[in-house]
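Okay, here's what each chain looks like letter by letter:
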Amino acid sequence: QVQLVESGGGLVQPGGSLRLSCAASAFTLNFYVMRWYRQAPGKERDFVALITSSGGNTNYADSVKGRFTISRDNAKNTAYLQMNSLKPEDTAVYYCNAHREWGGRPYDFWGQGTQVTVSS
């Protein structure tokens, strides 16, 4: 079954760190741009970070620049989001997305989400 599975969420105190993982099954991530999004209660889903298929370029939302790092290991078919200096406003469900354009068509896969709660 083609799917993305996130893991690594949890409860952490302000200033703490978490590392999220996004593992693909039944397809290879090599040709996909990977993105992380997050959705807080009552809010829209917001872009967090992006990494190109080769891993050569990254982009971040202003709210997480300098604190979060997106990476990927194509050999492990997995993308990551390292989150440091976490703040209560980072509390949200985090989703990974794999996207590519091929043959003139877009291909998108989403994970089920993992909850991150930052609280003392």
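Our subject is the structure listed above.
This section reports on the structure supplied with the text. A quick note: this is a predicted structure, and the numbers were derived from the prediction, not measured.

Rules and cut-offs
Residues numbered from 1 in each chain as written. Predicted model: local features only at pLDDT ≥ 70, side-chain atom pairs only at ≥ 80, totals over all residues. Heavy atoms only, no water. Buried < 20%, exposed > 50% of the residue type's maximum accessible area, 1.4 Å probe, protein only. Helix = DSSP H or I, 4+ residues; strand = E, 2+ residues; numbered from the N terminus. Pairing = 2+ DSSP bridges. Disulfide = S-S within 2.5 Å. Phe/Tyr/Trp six-rings, centres within 6.5 Å; stacked < 30°, edge-to-face > 60°. Lys NZ or Arg CZ within 6 Å of the ring centre and 35° of its normal. Salt bridge = Lys/Arg side-chain N within 4 Å of Asp/Glu carboxyl O.

For strand β9 (residues 92-102), a buried count of nine out of eleven residues is recorded, marking the element as mostly surrounded by other parts of the structure. Bridge count between strand β4 (residues 33-39) and β9: seven bridges; the pairing is antiparallel. Its bridge partner being in β9, Arg 38 is matched across the sheet by Tyr 94. Bridge count between β9 and strand β11 (residues 114-118): three bridges; the pairing is antiparallel.

Our next topic: the pairing of strand β5 (residues 45-51). In the sheet, β4 pairs with β5 via six bridges, with the strands oriented antiparallel. What sits directly across from Trp 36, in β5, is Ala 49. The turn linking β4 back onto β5 is made up of five residues, and Gly 42 within it adopts a positive phi angle of 75 degrees. Pairing analysis gives three bridges linking β5 to strand β6 (residues 58-60), with the strands arranged antiparallel. Note that in β6 the partner of Leu 50 across the bridge is Asn 59. In textbook terms, the turn of a hairpin is the stretch between consecutive antiparallel strands, and for β5 and β6 this stretch comprises six residues, one of which, Gly 55, has a positive phi near 85 degrees.

What follows concerns the state of the cysteines. Summed over the entire model, instances satisfying the criterion amount to one disulfide. Between Cys 22 and Cys 96 runs a disulfide, and the two sulfur atoms are separated by 2.0 Å. Here the S-S torsion is close to 65 degrees, and the disulfide linking Cys 22 with Cys 96 is therefore right-handed. With Cys 22 in strand β3 (residues 18-25) and Cys 96 in strand β9, this pair connects stretches of sequence that are 74 residues apart. Looking at Cys 22, the relative accessible area reads 0%, which means it is buried.

Time to look at the packing of aromatic side chains. Applying the stated rule across the entire model yields six aromatic pairs. An angle of 80 degrees between the planes, with centres 6.0 Å apart, marks the rings of Tyr 37 and Phe 47 as edge-to-face. With Tyr 37 in strand β4 and Phe 47 in strand β5, this residue pair connects regions lying ten residues apart in the sequence. Their ring planes at 50 degrees and their centres at 5.2 Å tell us that Tyr 37 and Trp 110 sit as a pair that is tilted. On the criterion of sequence distance, the pair formed by Tyr 37 in strand β4 and Trp 110 in strand β10 (residues 105-110) is long-range, its members being 73 residues apart. Residue class for Tyr 37 comes out buried when judged on its relative accessible area of 18%. By the ring-pair criterion, three or more aromatic residues cluster together here, those being Phe 27, Tyr 32 and Phe 109. Between Arg 45 and the ring centre of Tyr 95, over which it is positioned, the NZ or CZ distance is 3.7 Å. Its guanidinium or amino end placed over the ring of Trp 110, Arg 45 lies 4.9 Å from that ring's centre, counting from NZ or CZ.

Under the counting rule described, the total for this entry stands at three salt bridges. The closest approach of N and O atoms between Lys 65 and Asp 62, which form a salt bridge, is 3.2 Å. For Asp 62, a relative accessible area of 64% corresponds to the exposed category. The partner of Arg 67 in a salt bridge is Asp 90, and the shortest N-O contact between them spans 2.7 Å. You can see Arg 67 sitting in the loop between β6 and β7 (68-73) and its partner Asp 90 sitting in the loop between β8 (78-83) and β9, a full 23 residues away along the chain. For the pair formed by Arg 67 and Asp 90, the shared burial category is buried. Residues participating in the shared-partner salt-bridge network are Arg 38, Arg 67 and Asp 90.

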